[in-house]
Amino acid sequence: MMLSASPSMVARSSLEEMLESLRRRDECERPKDLPPALPARPTSRARLPSARKSLPTDFKVGEENGAKASMESAEKWSSLNGKEDGKRKEKEWGAKRNNSFGSKKLRKEETVVDLPYDGGVMLDEEKVNEVLEVNEMKSAKSGEVEWEDNLGYFIKKKLRVWCRLEDGKWESGMIQSTSGDEAFVLRSNGNVVKVSTGELLPANPDILEGVDDLIQLSYLNEPSVLNNIQYRYSRDMIYSKAGPVLIAVNPFKAVPIYGNKFITAYRQKVMDSPHVYAIADTAYNEMMGDGVNQSIIISGESGAGKTETAKFAMQYLAALGGGSEGIEYEILQTNHILEAFGNAKTSRNDNSSRFGKLIEIHFSAFGKICGAKIQTFLLEKSRVVQLAAGERSYHIFYQLCAGAPSFLKERLNLKVANDYNYLNQSECLTIDGVDDAQNFHNLMEALDIVLIRKEDREQTFAMLAAVLWLGNISFQVIDNENHVEVIADEEMKPLSSVAKGDCVVIS
């Protein structure tokens, strides 16, 4: 037989009486818009329990005035506990809420929060913030809210801040004084500008200027990030990182941070600064260590340097997985072919990729390259027939006209690039510092290395010549059904000879 005591038969301690009175009071005074009470949960072992508070010395429980005495003593106990907790939370949250100015804070004497939960239950920050907002709404009605911010600290310590000017640009300065929601900021040029406090952001100390990892910044806001990247860029440090993400800024010039010397340094872990080699090295090591496929995603706007970054990543992987058969060299040579047929000069980039590509490099269990697969998609076909001013069509057309040997030019009836409407319409035929004839020879060598047959090459060049000659043919409408005919047939002769001699089908 087992006996169990009913709740009514168990004597209740003074602490239980006090907690019960607090619970009843909170249920009566709880606003309707508060969230429902959370269920009690055991204290986590990873969190130290809050210090126990002794009961007031004048706490008594009586038959007649017990409830009243319990309420008064409980209010004192809750007030003391709430003030200490409020100071502790103010210190903890103060460091987390210093990434912007103009935050709302209650007066110190109003930091006591009436929480509709049992004592000893830990609350998550989201729930606490909701209760704080409710209490602020209560106090706002009685005019007891004091709008404070941490601008005074920056004024006292003469710390730098970022202010957004009327043109949208960010500039650093020091706050001289404030008036309501406006602040007077001393700019670096000595002028004082009046801006809204909502347009101010804290700046990082000088000791953090130029860090290689943006996570190290105390304030991770827009002007601080841009300033740090610009600081490094001005010193030819074009790479920065934000955790596992590499940020690269196109220098538009040759920077001596590539080659076998740097490849060896990153392979031997002598260098650990941000670099595309470091990203490729991490991917390779994780692939070999975990036996799981890895991906390197290179993205950015036109002219950001995606094509060159991809080549440097492939260069490093080829050095790591190089074997005796030289297949890694063949993979690198595909860049010449892809760039010739898929890249073009735009208004922002002299070697812009006008297509997307997915390059798969396959490694053996010993970490050696054993093959590769390249997929291309979304080629910009309209660029062949229509160009914007100052831009060029695909490199292969200009390379063919400039670098084709004499026997090939005679067979395809090739002329100079300026004689073709598809190429001369943009009035841009050359690129500064680029030799189209030499690039054609490099292309021919790459085609030999990847074992493209001579017959396939000649038929490809014949197709390109036929496209150029088609652009020189003019048509006119001859009836109401939009039937057309060629205006002049002199351009049809070289086109027909090219199409007939090399079996090119034009439809």
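These numbers were taken from a predicted model, which means no experiment stands behind them.

**Here we look at the pairing of strand 3 (residues 182-187)**
Part 1 of the argument: In this sheet, strand 3 lies alongside strand 2 (residues 170-179) in antiparallel orientation, the contact comprising six bridges. Each bridged residue has a counterpart across the sheet, and for G173 the counterpart in strand 3 is R187.
Part 2 of the argument: Following strand 2, the chain reverses through two residues before pairing antiparallel with strand 3; G180 in that reversal takes a positive phi of roughly 65°.
Part 3 of the argument: Pairing between strand 3 and strand 4 (residues 192-196): five bridges, direction antiparallel. Bridge pairing in strand 4 places E182 opposite S196.
Part 4 of the argument: Counting the residues that bridge the hairpin from strand 3 to strand 4 gives four residues, and of these G190 lies at a positive phi of roughly 95°.

**Section: the pattern of salt bridges**
Part 1 of the argument: Counted according to the given criterion, the structure contains 16 salt bridges.
Part 2 of the argument: For the salt bridge of D281 with K269, the shortest nitrogen-to-oxygen distance reads 3.1 Å. Remark: K269 occurs in the loop between helix 6 (260-267) and helix 7 (276-290) and D281 occurs in helix 7; sequence separation between them is twelve residues.
Part 3 of the argument: Residue classification places D281 among the buried positions, given a relative accessible area of 7%.

**Some words on the pairing of strand 7 (residues 245-248)**
Part 1 of the argument: In this sheet, strand 7 lies alongside strand 6 (residues 239-242) in antiparallel orientation, the contact comprising four bridges. Across the sheet, S240 pairs through a bridge with I247, a residue of strand 7.

**Describing the environment of I452**
Part 1 of the argument: As for its position among the elements, I452 is in the loop between helix 13 (436-449) and helix 14 (454-470).
Part 2 of the argument: With residues near it in sequence (within four places) discarded, I452 still touches L447 and R457.

**What to know about the sheet that holds strand 1 (residues 160-164)**
Part 1 of the argument: Pairing is antiparallel across the open sheet formed by five strands, whose spatial order is 4-3-2-1-5. Looking at which strands have only one partner, the edges of the open sheet turn out to be strand 4 and strand 5 (200-202). Going across the sheet, the axis of each strand differs from the next one's by a mean of 50°, ignoring polarity.
Part 2 of the argument: Where strand 1 meets strand 2, five bridges bridge the pair, whose relative direction is antiparallel. Residue pairing for strand 2: R164 is matched across the bridge by W170.
Part 3 of the argument: With respect to the sheet, helix 5 (residues 222-233) is in contact with strand 1, strand 2 and strand 5, its orientation differing from that of strand 1 by roughly 105°.

**Regarding the packing of helix 7 against helix 8 (residues 306-320)**
Part 1 of the argument: Between helix 7 and helix 8, the shortest axis-to-axis distance is 9 Å and the interhelical angle comes to 50°. Regarding the angle of helix 7 to helix 8, the classification is oblique. The element helix 7 and its partner helix 8 pack so that their crossing is right-handed. Between helix 7, through V276, Y277, A280, D281 and Y284, and helix 8, the contact on the second element is made entirely by T309, F312, A313, Q315, Y316, L317 and L320.
Part 2 of the argument: Split by residue class, the contact of helix 7 with helix 8 holds nine nonpolar, two polar and one charged.

About the thresholds
- Residues numbered from 1 in each chain as written.
- Predicted model: local features only at pLDDT ≥ 70, side-chain atom pairs only at ≥ 80, totals over all residues.
- Heavy atoms only, no water.
- Pairing = 2+ DSSP bridges.
- Helix = DSSP H or I, 4+ residues; strand = E, 2+ residues; numbered from the N terminus.
- Salt bridge = Lys/Arg side-chain N within 4 Å of Asp/Glu carboxyl O.
- Buried < 20%, exposed > 50% of the residue type's maximum accessible area, 1.4 Å probe, protein only.
- Contact = heavy atoms within 4.5 Å.
- Axes fitted to C-alpha atoms, helices over the stretch in contact; angles between N-to-C directions.
- Parallel < 35°, antiparallel > 145°, perpendicular 65-115°, else oblique.
- Left-handed = near helix turned anticlockwise from the far one by under 90°.
- Nonpolar A, V, L, I, M, F, W, Y, C, P; charged D, E, K, R; others polar.

Just geometry here; none of it tells us what the structure is for.
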